[in-house]
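In case you want the letters, here they are:
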Amino acid sequence: MRILIVGGSGFLGSELVRQAAAEGHAVAATWRTRPGTAAGADWLPLDVRDRTAVLDLIGAFGPDVVVNTASGGNMASGGNMASGGNTASGGSDWVTTAVGAAHVAVASAAHGARLVHVSSDAVFSGEAVTYAEDRVPDPVTPYGAAKAAGEAAVQAITPTAVIARTSLIIGDGGSGHERLVHGLASGGVKGMLFTDDVRCPVHVRDLAAALLELASSDRAGVQHAAGADAVSRYELGCLVARRNGIDPARLPYGRRADTGLRGPLDVRLDCGLTQRHLTTRLRGAREFLAQPRIST
Ligand SMILES: NC(=O)c1ccc[n+]([C@@H]2O[C@H](COP(=O)([O-])OP(=O)(O)OC[C@H]3O[C@@H](n4cnc5c(N)ncnc54)[C@H](OP(=O)(O)O)[C@@H]3O)[C@@H](O)[C@H]2O)c1
């Protein structure tokens, strides 16, 4: 297959490039500020805010599948894992996240490519705590609103597309969430890990494998691809610390509810329906963080 990874230079995008290339696909990947380093792809500059550029690039490469991981804003701080230095909403770039999603959908449809669009649990408020694939988004942050708008555009333009919502993406040290744990433990970053802010973290390898599986399936519409365990950001921090040989006692913690920060508290993606159609198992954080890191 010919696969285009939009946002291939990002954390998830790089893993998608690695796995798609390892599976023998012809891979092109895009970057905005600097090319990615993963081998096996043709690296192409692209800003999804530029509709014509998106149409031209997809037309020129002629992909069978487009996976759109591009998103504006900082996903790690958007999660409010720590209070210090982070805003309630995280950075959010409406045009990239919402309008850019529409541009990629229009270009994919125009050139007959199947689209897998990556979305987020940030589309939910947390009021219901557990969210299945058919729940209607009720975002409470600008980032969540932009992701929800992106989803709506993709659904309207490309009804056969997969919209894959995920949660905190963790790896073998490279994610913003893991770097934050190191920064907090060393005192280099000020803030705390919240004991009442709960998500379902996923390992980047599981997520990339699930997305590629969905790309070659006939699934359409919203899919949930998060990890099996609901953990607080503090528990997640402790798991990362233990795996990396850091004393979890060094991690500052507290209740987000006491900080007055706006945003969802407890959001758990129910992935049951999606998981039933996947051979890739979406492991929980307690499982994948109990294992030693694999260097890539
Ligand atoms: N990380 C998480 O915990 C998390 C949780 C839930 C959902 N998600 C979703 O998962 C996806 C991937 O997340 P990630 O952590 O891998 O993100 P990331 O590391 O920040 O990568 C984002 C990618 O998008 C590119 N990008 C940003 N603005 C762009 C623009 N205007 N035009 C084209 N490309 C642009 C970035 O390029 P530059 O770096 O050059 O700007 C980068 O390649 C996103 O859709 C995000 O919303 C992430």
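Calculation notes
Residues numbered from 1 in each chain as written. Predicted model: local features only at pLDDT ≥ 70, side-chain atom pairs only at ≥ 80, totals over all residues. Heavy atoms only, no water. Helix = DSSP H or I, 4+ residues; strand = E, 2+ residues; numbered from the N terminus. Buried < 20%, exposed > 50% of the residue type's maximum accessible area, 1.4 Å probe, protein only. Contact = heavy atoms within 4.5 Å. Polar contact = N/O pair within 3.5 Å; in protein donor to acceptor, adjacent residues only side chain to side chain. Pairing = 2+ DSSP bridges. Axes fitted to C-alpha atoms, helices over the stretch in contact; angles between N-to-C directions. Near = heavy atom within 4 Å. Areas by Shrake-Rupley, 256 points an atom, 1.4 Å probe, with all protein chains shown as cover. Nonpolar A, V, L, I, M, F, W, Y, C, P; charged D, E, K, R; others polar. Salt bridge = Lys/Arg side-chain N within 4 Å of Asp/Glu carboxyl O. Phe/Tyr/Trp six-rings, centres within 6.5 Å; stacked < 30°, edge-to-face > 60°. Lys NZ or Arg CZ within 6 Å of the ring centre and 35° of its normal. Right-handed = clockwise from strand over helix to strand, strands pointing away.

(A) Here's a closer look at the environment of S232. Among the secondary structure elements, S232 is positioned in strand β13 (residues 231–232). The class of S232 is buried, set by a relative accessible area of 12%. With 35 residues separating them in the primary sequence, S232 and D197 have C-alpha atoms 5.3 Å apart. Setting aside residues no more than four positions away along its own chain, S232 makes contact with F194, T195, D197 and V198. A polar contact is formed between the side chain of S232 and the backbone nitrogen of E235, at a distance of 2.9 Å.

(B) Structural context of the sheet that holds strand β4 (residues 65–68). What the 7 strands build is an open sheet, ordered β3-β2-β1-β4-β5-β7-β12; its pairing is parallel. With partners counted over all chains shown, the strands left at the sheet margins are β3 (41–45) and β12 (221–224), one partner each. Here the strands of the sheet are splayed against their neighbours by 20° on average, with no regard to which way each runs. Helix α2 (residues 51–61) contacts β1 (2–6), β2 (26–31), β3 and β4 of the sheet and is inclined by roughly 155° relative to β1. Contacts from helix α5 (residues 142–157) reach β5 (114–120), β7 (162–166) and β12, with the element oriented near 160° to β5.

(C) Focus on the site of the ligand. If you check the shell around the ligand, you find 27 residues, and the closest are S9, L12, T33, Y143 and H177. Here a nitrogen atom of the ligand sits 2.9 Å away from a polar atom, N or O, in the side chain of D47. H177 is positioned with one of its side-chain polar atoms (N or O) 2.7 Å from an oxygen atom of the ligand. A total of 900 Å² of accessible area belongs to the ligand in isolation, and the protein chains cover 89% of it. Elements that contribute at least two residues to the shell around the ligand include exactly α1 (11–22), β5 and α5. A total of 3 residues in the shell around the ligand trace back to one element, the largest contributor, which is β5. Partitioning the shell around the ligand into residue classes produces 10 nonpolar, 12 polar and 5 charged.

(D) Region of interest: the pattern of salt bridges. As enumerated under the stated definition, the model contains 16 salt bridges in all. Between D93 and R49 there is a salt bridge; the shortest N-O distance is 3.6 Å. Note that D93 is positioned in the loop between α3 (75–78) and α4 (94–110) and R49 in the loop between β3 and α2, a separation of 44 residues in sequence. Residue classification places R49 among the partly exposed residues on the basis of a relative accessible area of 35%. With a closest N to O distance of 3.3 Å, D258 and R255 form a salt bridge. The class for D258 is exposed, based on a relative accessible area of 59%. A relative accessible area of 43% places R255 in the partly exposed class. Each of D121, D197, R199, R233 and R256 takes part in one network of salt bridges that share partners.

(E) A look at the packing of aromatic side chains. Tallied over the full model, the rule gives 2 aromatic pairs. Ring centres of F124 and Y131 lie 4.0 Å apart, and the angle between their planes is 15°; this geometry places the pair in the stacked category. Just as F124 is buried, Y131 falls in that class too. Between Y234 and Y253, the aromatic rings sit 4.6 Å apart at their centres with planes inclined by 40°, giving tilted as the arrangement. On the criterion of sequence distance, the pair formed by Y234 in helix α8 (residues 233–243) and Y253 in strand β14 (residues 253–254) is long-range, its members being 19 residues apart. For Y253, a relative accessible area of 55% gives the class exposed. Of note, R2 hangs over the ring of F61, and the distance from its end group to the ring centre comes to 4.2 Å.

(F) Representation of the pairing of β2 in the model. The element β2 is extensively covered by neighbouring structure, given that 5 of its 6 residues are classed as buried. Taken together, the 4 bridges between β1 and β2 define a ladder with parallel strand orientation. Residue I5 lies in a different strand from β2, and its bridge partner there is A29. For the crossover from β1 across α1 to β2, the handedness is right-handed.

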